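The lines below spell out each chain.
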Amino acid sequence: MRTLCASTLIGEVFVIGFAGLVAMKDPDLSMGTVWTVSGIAMFLCVALCGFVTRPGGVAFGWALQIALIASGFVVPTMFFLGAIFGALWWASVHYGRKIDEAKARFAAQQA
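Residues numbered from 1 in each chain as written. Predicted model: local features only at pLDDT ≥ 70, side-chain atom pairs only at ≥ 80, totals over all residues. Heavy atoms only, no water.

## Examining the UniProt feature "transmembrane region" (unreviewed entry) in the chain
Then step 1. In the UniProt entry, the feature "transmembrane region" (unreviewed entry) is given for residues 6-24, 31-53 and 59-90.
Then step 2. Note that residues 6-24 is 95% helix and 0% strand, and that its end C-alpha atoms are spaced 27 Å apart.
Then step 3. Helix makes up 81% of residues 59-90 and strand 0%, whereas the separation of the span's terminal C-alpha atoms amounts to 11 Å. (UniProt positions renumbered as here; feature names shortened; annotations may be inferred. Helix = DSSP H or I, 4+ residues; strand = E, 2+ residues; numbered from the N terminus.)

So, in structure tokens, the structure goes:
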């Protein structure tokens, strides 16, 4: 599960960075605000890569997905991209757990 979820989160880092570039064009937002919010979100995505298998890691990942969708109020394209990454996050968690279970069964059969 960790590999699939981390791959999704790293993809989100790039999307958040590009959304920050688009948000800079909004005259109502200062560059400092845009990059502070984008930088914190990118850092949280990278940090979560290491904590996704710990208790609460998946829930925190869902919170990031909701925040990514909510960023669509600033950059409207993020509604669509946030939904795509939400679906990818679900698939990563769902199929990652199935892969982990299959690995455990295989290891038990080998022992």
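## Comments concerning the packing of aromatic side chains
Then step 1. In this structure the tally under the stated criterion is two aromatic pairs.
Then step 2. Ring centres of Trp90 and Tyr95 lie 6.2 Å apart, and the angle between their planes is 80°; this geometry places the pair in the edge-to-face category. (Phe/Tyr/Trp six-rings, centres within 6.5 Å; stacked < 30°, edge-to-face > 60°.)

## Section: the environment of Phe18
Then step 1. Here Phe18 shows up in helix H1 (residues 2-23).
Then step 2. For the pair formed by Phe18 and Ser38, sequence separation is 20 residues and the distance between their alpha carbons is 9.4 Å.

## Here we look at a nonpolar patch on the surface
Then step 1. Residues Ile10, Phe14, Phe18, Leu21, Met24, Met31 and Val46 make up a contiguous nonpolar surface patch of about 690 Å² in total accessible area.
Then step 2. Sorting the residues of the nonpolar patch by element identifies H1 and helix H2 (31-51) as the ones contributing at least two each.
Then step 3. Sorting elements by how many residues they give to the nonpolar patch places H1 first, with four residues.
Then step 4. As for its position among the elements, Phe14 is in helix H1. (Patch = residues over 30% accessible without salt bridge, like charges linked within 9 Å, V, L, I, M, F, W, Y side chains within 5 Å. Areas by Shrake-Rupley, 256 points an atom, 1.4 Å probe, with all protein chains shown as cover. Salt bridge = Lys/Arg side-chain N within 4 Å of Asp/Glu carboxyl O.)

## Details of helix H3 (residues 57-70)
Then step 1. Taking 1.5 Å as the rise per residue, H3 with 14 residues should run 20 Å; its terminal C-alpha atoms sit 20 Å apart, in good agreement.
Then step 2. Of all the positions in H3, only Gly57, Val58, Gly61, Leu64, Gln65 and Leu68 are classed as buried. Seen along its axis, H3 keeps its buried residues to an arc of 110°; they face one direction. Set apart from the buried face of H3 by more than 90 degrees, the exposed residues are Ala59 and Ile66.
Then step 3. In this structure, the buried residues of H3 make contact with H1, H2 and helix H4 (77-110). (Expected span 1.5 Å × (residues − 1). Buried < 20%, exposed > 50% of the residue type's maximum accessible area, 1.4 Å probe, protein only. Arc of directions from axis to C-beta. Contact = heavy atoms within 4.5 Å.)

## What to know about the packing of H1 against H4
Then step 1. Put simply, H1 and H4 touch, their axes get as near as 8 Å, and they point 165° apart. With respect to H4, the axis of H1 lies roughly antiparallel. Classified by chirality, the crossing of H4 by H1 is left-handed. When H1 is examined against H4, the residues Leu4, Cys5, Thr8, Leu9, Gly11, Glu12, Val15 and Ala19 are found in contact with a partner set consisting of Met78, Leu81, Phe85, Leu88, Trp89, Ser92, Val93, Tyr95, Gly96 and Ile99.
Then step 2. Classifying every residue of the contact of H1 with H4 gives 13 nonpolar, four polar and one charged. (Axes fitted to C-alpha atoms, helices over the stretch in contact; angles between N-to-C directions. Parallel < 35°, antiparallel > 145°, perpendicular 65-115°, else oblique. Left-handed = near helix turned anticlockwise from the far one by under 90°. Nonpolar A, V, L, I, M, F, W, Y, C, P; charged D, E, K, R; others polar.)

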